[in-house]
Structures are given as structure tokens and as C-alpha cells.
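# Structure at a glance
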Amino acid sequence: PAVRHDWPDWLDTALRAQLGEAETEALAQALAQPAPLDVRINPLKIGRDAALARLTESGIEARAGRYSPLALRLAGKPALSGHPLFVEGSIEVQDEGSQLLALLLAPRRGEMVVDFCAGAGGKTLLLGALMHNSGRLYAFDISDKRLAKLKPRLARSGLSNVHPVRIEHERDTRVKRLAGKIDRVLVDAPCSGLGTLRRAPDLKWRQDEAVIAGFQAKQSAILGAASGLVKKGGRLVYATCSLLAAENDDVVDAFLATHPHFALVPAEEVLARQGIILPGERLRLWPHHHQTDGFFAAVLEHV
């Protein structure tokens, strides 16, 4: 089966244990297909219908996303870097599943929010827009290079409430000084990235069970540190682009067992309040079911 699925034996064993043979077969077939190109509108600058009309006028075929109210799925892979919508900051390239992670955090005007592993800032930009460019949004990352990629995107977006901060590690003093002060924290944790195999097929050959165990330890440490920022009544969202329970449910279950002041909030309820119908206590997105990258997310509340 691993040869037929074109991935390592250990991964085949892990996925079949989670999903069963038929689902694993369907997932493997989906991961062998190229990923579609999704964009997200910047709601501070344009509505989805207007963006769709302008893309159509310029000869780019697109349709509304299936789940995210901000998503557009494009036909083919048109060049966008010179398109007026992109240049003016009205659209950003972002997988529809990735958009749902920010929508699960659902930040509001005037709040204090942290994107704990901001990277190049795709979700940061969406969080800032959801906050209506108000409040204060910290974008933490350990990489200067990744944060540097955020700067031109930030300039296009028109956001002024984002504060990029490079940290040394999850226990950095710049993190600790915000302890108990933050309304909402997103932890899009470093992971194996196996949910993105349609875009980076080589990833599966660079991982093994020891690497996954290392990711799990790091994810648990980051989630624990990030939880210390959340004020009473605040929200913490843990997310990965992994397909594996070891990086997803196992991390969340271990966290809940050792942090009794946090409780799970059903993801389906958070999304339903925004008109998004996706059943499940925890968000699970699969390429073969949802036509997005593979994502996992759990919503936790400081009670």
C-alpha cells in the first residue's frame, strides 16, 4: 500500500490506523493532484462580489469559496503579482482552509490579539482585517526572514494595528510580559506540514516517526507558553497543517489534561455563528473531502 500511495511505510501505517483503508486510499489520490489556487479578499478594501467581477473582467475565471465567506477559488494558476487587485492589497493568496483558522479565532474590534507563530503573516493579515484595523495585534515569530516577508504584505493591506515582534523562543521575556493580558491567541504551530503534500510532495520523504515526536514536544511547549497569555474568558486556537493525530488531537488532549482552566469550545458552533457549516467539535479539513489543504484546529477557552 505504501508504494501504491507513494509515501513512506510509517506514514501509511499511521494514516490507515486513523482513517481505515478506503479513506486512506481516497486521501492518497487527492494528495496526488495539484492544489487549486485560492485567494482571500481584504474586507477592508473590497467585497467578494466586487473582487469576483474585477477578476472576471480581467479574464480570470473564479468562483466563491465553499466555506470561507472571504475566499475565491481561481481556475488554473494565473499570475497575480501584477494584477491591480493584488498590487492594491484587495486580495492575498491564501488557501481556503487557512482562512478558516483565523475565522475560528474570531477577533473583535479593539481587542489584544497574538498570532504566536506568524510566519510570513497570511493569517496575521486576516486577523487584522477581522479586527477592523483596531486594537493591537502582535505577530510573533523566531525568524527575521519570515517576518521580513510580512512587511510588503502589511504595506499593501493598509493595516496599522499589526506589530511584528521577533522572539528567541516561546519563553521569551517579550512573551512573558503579556501574561494574562491577551483576549485571543492563535497558535498555528510548527508541524510536519503533511497537509500540504499537494504543494510540497517531497515533505513526506523528509519526515519520520522521530521527527514527528520532536514536533509534538515543540508543539506542546509552544501551546503551554501561549496559553499563559490568555486572560480569563479569552480564546486560544491551536492549529496545524498536519494530518496526524500525534500532532493534533494528542497535543490538545495532553494540554487539556494538564490545564484544567481551559475548556474545549466546539469549532462547529464558532463557525456556525459566522454562517459556515462544518460539523465537528474540532476542525478537521481533508483534501479528499473539503478540497483544501489538510488542517486541524481546536478552540480552547480560558474559563
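Our subject is the structure listed above.
### Some remarks on the overall build of the protein chain
Per the secondary structure count, the protein chain includes 13 helices and 12 strands. Along the first, second and third principal axes, the C-alpha set of the protein chain runs to 50 × 45 × 35 Å. Within the protein chain, the fraction of its 303 residues that count as buried is 54%. Considering only contacts in the protein chain between residues 6 or more positions apart, those separated by 24 or more positions represent 73%.

### With respect to the pattern of salt bridges
In the structure shown here, the tally under the stated rule is 26 salt bridges. For the salt bridge of Asp95 with Arg199, the shortest nitrogen-to-oxygen distance reads 3.0 Å. In this pair, Asp95 sits in the loop between strand 4 (91-93) and helix 6 (96-105) while Arg199 sits in the loop between strand 8 (182-188) and helix 10 (209-227), placing the two residues 104 residues apart along the sequence. According to the relative accessible area criterion, Arg199 is partly exposed, its value standing at 43%. Several salt bridges share partner residues, and in doing so they unite Arg4, Asp12, Arg16, Glu21 and Glu25 into one network.

### Things to note about the state of the cysteines
Under the defined criterion, the tally for this structure stands at 0 disulfides. Free cysteine: Cys117, not disulfide-bonded; nearest cysteine sulfur from Cys191 at 10 Å. When its relative accessible area of 17% is taken as the criterion, Cys117 is described as buried. Of all cysteine sulfurs in the structure, the one in Cys241 sits closest to Cys191, which takes part in no disulfide; the separation is 3.5 Å. Overall, the relative accessible area of 14% leaves Cys191 in the buried class.

### Points about helix 11 (residues 249-258)
Buried within helix 11 we find Asp249, Val251, Val252 and Phe255. Down the axis of helix 11, the buried side of the element spans an arc of 165°, and every buried residue falls inside it. In helix 11, the exposed positions that point more than 90 degrees away from the buried face belong to Ala257 and Thr258. Taken together, the buried residues of helix 11 touch helix 10, strand 9 (230-240), strand 10 (262-265), strand 11 (283-285) and strand 12 (295-302).

### Overview of the packing of aromatic side chains
Per the stated rule, a full pass over the model turns up 3 aromatic pairs. Centroid distance Phe116 to Phe140: 5.9 Å. Interplanar angle 80°. Geometry classified as edge-to-face. Taken together, the positions of Phe116 in the loop between strand 5 (112-115) and helix 7 (122-130) and Phe140 in strand 6 (residues 136-141) put the pair 24 residues apart, joining distant regions of the chain. A relative accessible area of 3% means that Phe116 is categorised as buried. Seen in terms of ring centroids, Tyr138 and Phe140 are 6.0 Å apart; in terms of plane orientation they differ by 35°. Their pairing is tilted. Within the aromatic cluster, the residues linked to one another by ring pairs are Phe116, Tyr138 and Phe140.

### As for the nonpolar core
In this structure, Leu74, Leu100, Leu104, Leu278 and Leu283 are the most contacted members of the largest nonpolar core, which totals 52 residues. Considering each element in turn, this core owes the most residues, 6 residues, to helix 6. Setting aside anything within four residues of it in sequence, one finds Leu104 in contact with Arg235, Val237, Ala267, Val270, Leu271, Leu283, Ala297 and Val299. Val114, Phe116, Val187 and Phe262 belong to the second-largest nonpolar core, a separate cluster that totals 27 residues.

So, how was this worked out
Residues numbered from 1 in each chain as written. Predicted model: local features only at pLDDT ≥ 70, side-chain atom pairs only at ≥ 80, totals over all residues. Heavy atoms only, no water. Helix = DSSP H or I, 4+ residues; strand = E, 2+ residues; numbered from the N terminus. Buried < 20%, exposed > 50% of the residue type's maximum accessible area, 1.4 Å probe, protein only. Contact = heavy atoms within 4.5 Å. Salt bridge = Lys/Arg side-chain N within 4 Å of Asp/Glu carboxyl O. Disulfide = S-S within 2.5 Å. Arc of directions from axis to C-beta. Phe/Tyr/Trp six-rings, centres within 6.5 Å; stacked < 30°, edge-to-face > 60°. Core = buried A, V, L, I, M, F, W, Y, C linked by side-chain atoms within 4.5 Å.

Honestly, that's just the spatial picture; any functional story needs more than this.
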